[in-house]
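# Observations on the three-dimensional arrangement
Each chain is listed here by its residues.
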Amino acid sequence: MAKISSLNVRVVEGRALPAKDVSGSSDPYCIVKVDDEVVARTATVWRSLSPFWGEEYTVHLPLDFHHLAFYVLDEDTVGHDDIIGKISLSREAIAADPRGIDSWINLSPVDPDAEVQGEIYLAVQMLEDVRGRCLRCHVLKARDLAPRDISGTSDPFARVFWGSQSLETSTIKKTRFPHWDEVLELREMPGAPSPLRVELWDWDMVGKNDFLGMVEFPPKVLQQNPPNGWFRLLPFPRAEEDSGGNLGALRLKVRLLEDRVLPSRCYRPLLELLMESVLQPAEEDVSSPLAVLEELTSGDCRQDLATKLAKLFLGQGLAGPFLDYLTRRELARTTDPNTLFRSNSLASKSVEQFMKLVGMPYLHEVLKPVISRVFEEKKYIELDPSKMDLGRTKRLSFKGTASEEHVRETSLGLLMGYLGPIVDAIVGSVGRCPPAMRLAFKQLHRRVEERFPQDEHKDVKYLAISGFLFLRFFAPAILTPKLFDLRDQHADPQTGRSLLLLAKAVQSIGNLGQQLGQGKELWMAPLHPFLLQSILRVRDFLDQLVDVDGEEEAEGPARALVPPSVTVREGYLLKRKEEPASLATRFAFKKRYFWLSGEALSYSKSPEWQMRSSIPVSHIRAVERVDEGAFQLPHVMQVVTQDGSGTLHTTYLQCKVRRRQAGGRRASLESHLTPDPHSLQNVNDLNQWLSALRKASAPNPDKLATCHPGAFRSARWTCCLQAELSAAGCSHTHSAVTLGDWSDPLDPDAETQMVYRQLLLGRDQLRMKFLEDFNMDSSPEADREDSGAMEGACPDALAGQREAAARLLEVLEDLDRAHEEFQQQEQGKAVLGLRGP
């Protein structure tokens, strides 16, 4: 049994942000932090006070996280970026509503004294002797303190307050992980009992000391249960400052998912019901788990459920029958073929999520070369006369204003130069399309043809496939390549317009020219000859796509979306040499090309280099960030491995950045609040490498609970200043913190648990519909309503539906009992833990 916790975060858009640039605008981006860990940075939206990001993240978390924070900054080419404001959401606020948060939230000012992090270890005793009561506070150590100095460290000391008395520890220089091991004793003074407050400060030779955080314990706690252990540092209590909207607002969607996943045997009956659902007649099915789920879910919940179901059936080797079941139900209730799969039904969402799960490498292979060209070339393209900037040519070439016709002809040539290779890549990609997608489309093609066999509907079978492949897969990726991991940045307005025109053209091709020449966009007419020619090629492509052998899944049941031997991430990193003692730190890191699969982390001098070294993934025991102060370099991570003799080895890797000149003390403070804003690609690269390595090594035994976020240099650890190489780690590891993506491992137990939670929402409705006595306490109107709901059902069919509903309800009750039993066991263990040995 395990507990799971994840945050679904969507940074949608901002509004009314203040202008930070002399142009009267800003270039805003967001940093997302969970507790003290930076998990994501959005792209910069240029020249906008109402930016749209639309970026979505799934962050898998430990169960004990405390808060989620969003920082909004204005990117500047010269100097340090300007902090606009922040939003902080506590875990309790996010969990208060199971549906999560979906609203506009005003930004608040960033108060440096509120930007605290880390923990302190205290052991407190209340003693009494002939002179009265005495409080003995043993200040042992602290960890993960905020870096307040330009070196990326602090000079921390503790100050203890009890009543009117106070004492201080010594100052430990240049560390975020101080070890004091000092005992401070304070005598009780006359008066009412006083709380104990311990404050941490960063000592500064010049200017005032910087606050690092505090903990406070009321007199009752001191008397009944004196503190002994690690305690999270908090800011000074103060009223939340409301900016009144002067700093603007963000629209955020945040949802916390926490659940208990039972052993696999508990889910077997529900899993069997789900598998049976897809093999029975779909059209008359109203009582199977899938039929109930389809009726209950909507909106974002439906998309989440579609993803879980697609992964669940992929893992069982039944993705094809699952999608076929849903499309048969959709076809059965569709009378107008023009509306087929146009709504966000469970069938539409499931096919869409299925394509993303199995087809993302295919999408990248087909589209990435042309998308990269569009971003790099930054050409001006415009066909709409109302949007043409005719003075642009004059400003660039000083040859006078271009005519509308000239701009149109130039734009048409450029657009065809991009659109042609895209169509060529798509129609030539039959052999590269994943077999699972081809089989699903083959079945869809057959079902639509059976449902609409008339000659006037001969295009419907093509439109069903192209509607998914072009309108829900290729066109959205062209329009917003950042959201499909095709680019690290959002497009600037000019490039965004080029992508929009390309996406419109691809949509027209996907619609097989049905609406060509209609509507308000008649200015697209110059493209029509090319689009009509492309539509003929696309028909041939679709015929070839569904011409595939096999009725079952190509690979059978799967344990992962990506086989262990397949590369899930690759790219250049800087690797620290094993023995760099004679080299300056900067020269100790050498550029190497890395490949990560489920089996090994391999590297060589370049992608073409034949000789590779490798680290077996099974040897990895921890993957963690490294403090910037360890090597005076940002974006460094460590991979800790264990060899056959049990010895630990550490490999240091850096995502390379161009460093800027330090900006004094203010620059140091802002670099603590956010990472270097000019290293977008490197911040996200580091997060993605950390996540990929942690997920690849997740099944490994003997994972480390602690590690050193520094390096052992000059005979001591740079983080905690311990002199022993074998000293225990001074910081938590974060193996549970990963980013969700299409390559996440399949987890049938967690996926079935989510399905169970969704089914619980419809249990009462299911019971009333099938198992209640319709003649008891029911009016004739109610009888007619119930009978209408099952119109056309013969007595045998109705009896079968009631039997299926009763079986489903029984399975849900068994899972209820299993959860209650495990909860009681946990509570019993917790009580034993409190009593102690």
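This is a predicted model, so every value here is computed, not measured. (Residues numbered from 1 in each chain as written. Predicted model: local features only at pLDDT ≥ 70, side-chain atom pairs only at ≥ 80, totals over all residues. Heavy atoms only, no water.)

## Quick notes on the packing of aromatic side chains
Let me state the cut-off plainly: Aromatic rings from Phe, Tyr and Trp, with only the six-membered ring used for Trp, were paired whenever their centres fell within 6.5 Å, and each pair was classed as stacked if the ring planes differed by under 30 degrees, edge-to-face if by over 60, and tilted otherwise. Comment: elements are numbered from the N terminus, with helices defined as DSSP H or I runs of at least four residues and strands as E runs of at least two.
Scanning all chains against the criterion turns up 16 aromatic pairs. Seen from their ring centres, phenylalanine 217 and phenylalanine 231 are 5.0 Å apart, and the 75 degrees between their planes marks the pair as edge-to-face. Placement of phenylalanine 217 in strand β14 (residues 210–217) and of phenylalanine 231 in strand β15 (residues 228–232) is noted, with a sequence separation of 14 residues between them. Centroid distance phenylalanine 470 to phenylalanine 474: 5.7 Å. Interplanar angle 80 degrees. Geometry classified as edge-to-face.

## Digging into a negative patch on the surface
This is how the line gets drawn: Patch membership is restricted to residues that have no salt bridge and whose relative accessible area is over 30%. Joining uses 9 Å for like charges and 5 Å for the nonpolar side chains Val, Leu, Ile, Met, Phe, Trp and Tyr. Accessible surface is estimated by sampling points in the Shrake-Rupley manner with a 1.4 Å probe; for residues, cover comes only from the protein chains shown. One side-chain nitrogen of Lys or Arg within 4 Å of one carboxyl oxygen of Asp or Glu is enough to make a salt bridge. Positive: Lys, Arg. Negative: Asp, Glu. His and the chain ends are not part of the count. Here the site of a charge means atom NZ of a Lys, CZ of an Arg, CG of an Asp or CD of a Glu. Using a 1.4 Å probe on the protein chains alone, a residue whose accessible area is under 20% of its type maximum counts as buried, one over 50% counts as exposed, and one in between counts as partly exposed.
Together, Asp540, Asp543, Asp547 and Asp549 line one region of the surface with negative charge. Along the chain, aspartate 547 turns up in the loop between α13 (528–545) and β17 (569–576). What makes aspartate 547 exposed here is its relative accessible area of 60%.

## Observations concerning unusual backbone geometry
Despite not being glycine, lysine 174 has its phi angle at roughly 55 degrees, a positive value. Topologically, lysine 174 is positioned in the loop between β11 (165–168) and β12 (179–187). Using a relative accessible area of 56% as the deciding quantity, one classes lysine 174 as exposed. Even without a glycine there, the phi angle at alanine 715 is positive, about 65 degrees. Structurally, alanine 715 is set in the loop between β25 (712–713) and β26 (716–717).

## So, helix α11 (residues 460–479)
Rules: In this analysis the local bend is the angle between axes fitted, respectively, to the seven residues ending at and the seven residues starting at the residue.
In the structure, α11 departs most strongly from a straight axis at serine 466, where the bend amounts to approximately 35 degrees. Most of α11 is tucked away, with 18 of its 20 residues classed as buried.

## As for the sheet that holds strand β8 (residues 119–129)
Put simply, the rule is: In this description, strands pair whenever DSSP reports at least two bridges between them. For every element, the axis is a line fit to its C-alpha atoms; helices are fit only across the contacting stretch, and the angle between N-to-C directions ranges from 0 to 180 degrees.
Here four strands make up an open sheet; going across it, the order is β12-β9-β8-β15 and the pairing antiparallel. The open sheet has two free edges, formed respectively by β12 and β15, since each of these has just one partner strand. The average undirected angle you get between the axes of adjacent strands in this sheet is 25 degrees. Across five bridges, the pairing between β8 and β15 is antiparallel. Looking at β15, one finds that alanine 123 is bridged to asparagine 228.

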